[in-house]
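Tertiary structure, described
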Amino acid sequence: MSKVRFTAFSDLHHHPVWFKCDAPERLESIQNRAAKDGSEFLIHMGDFCHHVPVARELIKQYRDFNIPGYHVFGNHEFDLNSYEEALEGYGLSCGYYYFDCNGFRFVIIDENYFSDFRGIYFHYSERNYFDHPKGRDWINPEQITWLRETILGSPFPCILCSHATLEYEGGIKNRDKVLEIIRESRNLPGRVMLCINGHYHRDNFNVIDDVAYLDLNSASFDWIPNPHFLYPAEWYQEIEGLGNQVIFKDPLSATITIDSDGTIDIAGAPGEFLFGISREMTNNSPSRRPCTPCILDRKVRI
Ligand SMILES: [Fe+2]
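Here's a quick rundown of the structure. Note on numbering: residues in each chain are counted from 1, in written sequence order. Residues qualify for local features only when their pLDDT is at least 70, as the model is predicted, and side-chain atom pairs are given and counted only at 80 or more; totals for whole chains, interfaces and linings, by contrast, use all residues. Only hydrogens and water are set aside; all other atoms, that is, all heavy atoms of the structure, feed into the side-chain values.

All right, on to the coordination of the iron ion then. Coordinating N, O and S atoms are those within 2.8 Å of the metal (3.2 Å for Na, K and Ca), and as water is not part of the atoms, a site may appear to have fewer donors than expected. Ligation of the iron ion by protein atoms is provided by Asp47 (OD), Asn75 (OD1), His163 (NE2) and His199 (ND1), these donors lying 2.1 to 2.4 Å from the ion. Considering all four donor atoms around the iron ion, the spread of angles at the metal, 84 to 160°, places the coordination shape in the irregular class. Type-normalised accessible area, obtained with a 1.4 Å probe on protein chains alone, sets the label of each residue: buried when under 20%, exposed when over 50%, and partly exposed for intermediate values. Residue classification places histidine 163 among the buried residues on the basis of a relative accessible area of 1%. Using a relative accessible area of 21% as the deciding quantity, one classes histidine 199 as partly exposed. Just to be clear on the cut-offs, tetrahedral is four donors with all angles between 85 and 135 degrees, square planar is four donors and octahedral six with opposite donors over 155 degrees apart and all others between 65 and 115, and anything else goes down as irregular.

For the purposes of this entry, the term helix denotes a DSSP run of H or I that reaches at least four residues, the term strand denotes a run of E that reaches at least two, and both are numbered from the N terminus. Along the chain, aspartate 137 turns up in the loop between β7 (121-123) and α4 (141-152). Sequence separation between aspartate 137 and histidine 123 is 14 residues; the distance between their C-alpha atoms is 9.8 Å. By definition, residues are in contact when any of their heavy atoms lie within 4.5 Å. If we ignore the near neighbours within four places in the chain, the residues touching aspartate 137 are Glu111, Tyr113, Tyr124, Gly171, Ile172, Lys173 and Asn174.

A word on the packing of aromatic side chains. Within 6.5 Å between ring centres, the rings of Phe, Tyr and Trp (the latter by its six-membered ring) count as paired, and their orientation is classed by plane angle as stacked under 30 degrees, edge-to-face over 60, tilted in between. Applying the stated criterion across every chain yields a total of 30 aromatic pairs. Residues phenylalanine 6 and phenylalanine 106 carry aromatic rings whose centres are separated by 5.1 Å and whose planes lie at 80° to one another, so their mutual orientation is edge-to-face. Of this pair, phenylalanine 6 sits in strand β1 (residues 3-9) while phenylalanine 106 sits in strand β5 (residues 104-108); the two residues are 100 residues apart in sequence, bridging distant segments of the chain. Aromatic pair tyrosine 124 and tyrosine 129: ring centres 4.5 Å apart, planes at 15°, arrangement stacked. Relative accessible area serves as the criterion here: at 0%, tyrosine 124 is assigned to the buried category. In our convention, an over-ring charge means Lys NZ or Arg CZ found within 6 Å of a ring centre and within 35 degrees of that ring's normal. Stacked on the ring of tryptophan 235, the Lys or Arg lysine 20 has its end atom at 4.3 Å from the ring centre.

The six strands are arranged β4-β5-β8-β9-β11-β10 in an open sheet whose pairing can be described as mixed. The open sheet has two edge strands, β4 (97-101) and β10 (204-208), and neither has a second partner. Ignoring which end each strand starts from, the neighbouring axes of this sheet average 15° apart. Contacting β4, β5, β8 (158-161) and β9 (192-197), α4 crosses the sheet at an angle of about 170° to β5. Inter-axis angles, ranging from 0 to 180 degrees, are taken between N-to-C directions of lines fitted to C-alpha atoms, where helices are fitted over the stretch in contact. Sitting on the sheet, helix α5 (residues 175-184) is in contact with β8, β9 and β11 (211-215), with an inclination near 140° to β11. By the convention used here, strands pair only if DSSP detects at least 2 bridges between them.

Okay, helix α3 (residues 83-90) next. Considered for burial, the residues of α3 that qualify are Tyr83, Ala86, Leu87 and Tyr90. Within α3, the buried residues cover an arc of 100° as seen down the axis, which keeps them to one side. The outward face of α3, more than 90 degrees from its buried face, is lined by the exposed residues Glu84 and Glu88. Its buried side turned inward, α3 meets β2 (42-44), α2 (56-63), β3 (69-71), β6 (113-115) and β7. Glycine 91 sits one or two residues past α3 and shows a positive phi near 70°. As used here, the arc is the angular range of directions from the helix axis to the C-beta atoms.

To continue, consider the nonpolar core. The tendency in soluble globular proteins is for nonpolar side chains to be buried as a group. Formed by 95 residues in total, the largest nonpolar core has its most connected members in Leu160 and Ile256. The dominant element in this core, judged by the number of residues it contributes, is β9, at five residues. Each residue touching isoleucine 256, except ones within four places of it in the same chain, is listed here: Val4, Arg5, Phe6, Ala8, Leu194, Ile196, Leu214, Ile264, Asp265 and Ile266. To form a nonpolar core, buried Ala, Val, Leu, Ile, Met, Phe, Trp, Tyr and Cys residues must be joined to one another through side-chain atoms within 4.5 Å.

The next thing to look at is the pairing of β9. Counting buried positions along β9 yields six of six residues, so the element is predominantly enclosed. Here four bridges tie β8 to β9, and the two strands are oriented parallel to one another. Its bridge partner lying in β9, cysteine 158 is registered against valine 192. Note on handedness: a clockwise path from strand one over the helix to strand two, with the strands aimed away from the viewer, defines a right-handed crossover. In this fold, β8 hands off to α5, which returns the chain to β9; that crossover is right-handed.

Right, let's get into the sheet that holds strand β15 (residues 263-267). Spatially, β3-β2-β1-β14-β15-β16 is the arrangement adopted by the six strands of the open sheet, whose pairing is mixed. Two strands lie at the open edges of the sheet, namely β3 and β16 (298-301), each paired on one side alone. For this sheet the average axis-to-axis angle between neighbouring strands, irrespective of direction, equals 20°. Alignment of β15 against β16, held across four bridges, turns out to be antiparallel. Residue pairing across strands places aspartate 265 opposite lysine 299, the latter belonging to β16. Running over the sheet, helix α1 (residues 23-37) touches β1, β2, β14 (254-259) and β15 and is turned about 170° from β1.

Structural measurements only, silent on function.
Here you go:
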């Protein structure tokens, strides 16, 4: 029997010129919770910051904490710097990797590739992905081969972590290839128990074919396409994209405990909107899943 407990969060979006999310304070609060809950490590599901070389202090705060912190790449890690700079800033040699902890394998996926019409894969770098909206969110073929070996050869149950979702179509474009590997893992020691993603700033949990899928809410805010003007007027002078944000008052994270008997226990976080301003109040179109300023508790046995 083995058991692991860790802290997961996502989409902190540190970039003080664009976002009013006070990322260092939010991260500190999440780190304190991780310590209080006895987590073995922290992991974020991407969009931690928008300019990796400039976010040195925040990355240092994450790295130097007395509980290890792992990175998953989101698309916005490549807005203002190259892939190589993002790797260097996060201390990684590759965007996809795995680590083992307490009898579980955590597999970090990097779907930040776009594919052009020739079927060649390019990693996101310096905002190049904005020019290829239809070809985005692919896992490159070499990584699929690596995923197959890493999961099917694992001596431990696997947890997959990615920025975009594997749960439904419209997230990772070639998710079918990963679902095939998940199916093949079913009766092996490396069976996939849980897939966690960020990116959508939504809170949702689903179990499909004995695999749990956690859509992890943002630690900071929801993004809306058309700006609103409901915050104090002076804030708009300071923060460029303020009107496009529906800010969560509290930093959101989840303490996740997984038992090798198949139990997944997610302790979420309550919360409210800043000044009570919800997405509905901003007259922006509703999204696929409701915008809520919290992460609900869930417990299942798969
Ligand atoms: Fe994202």
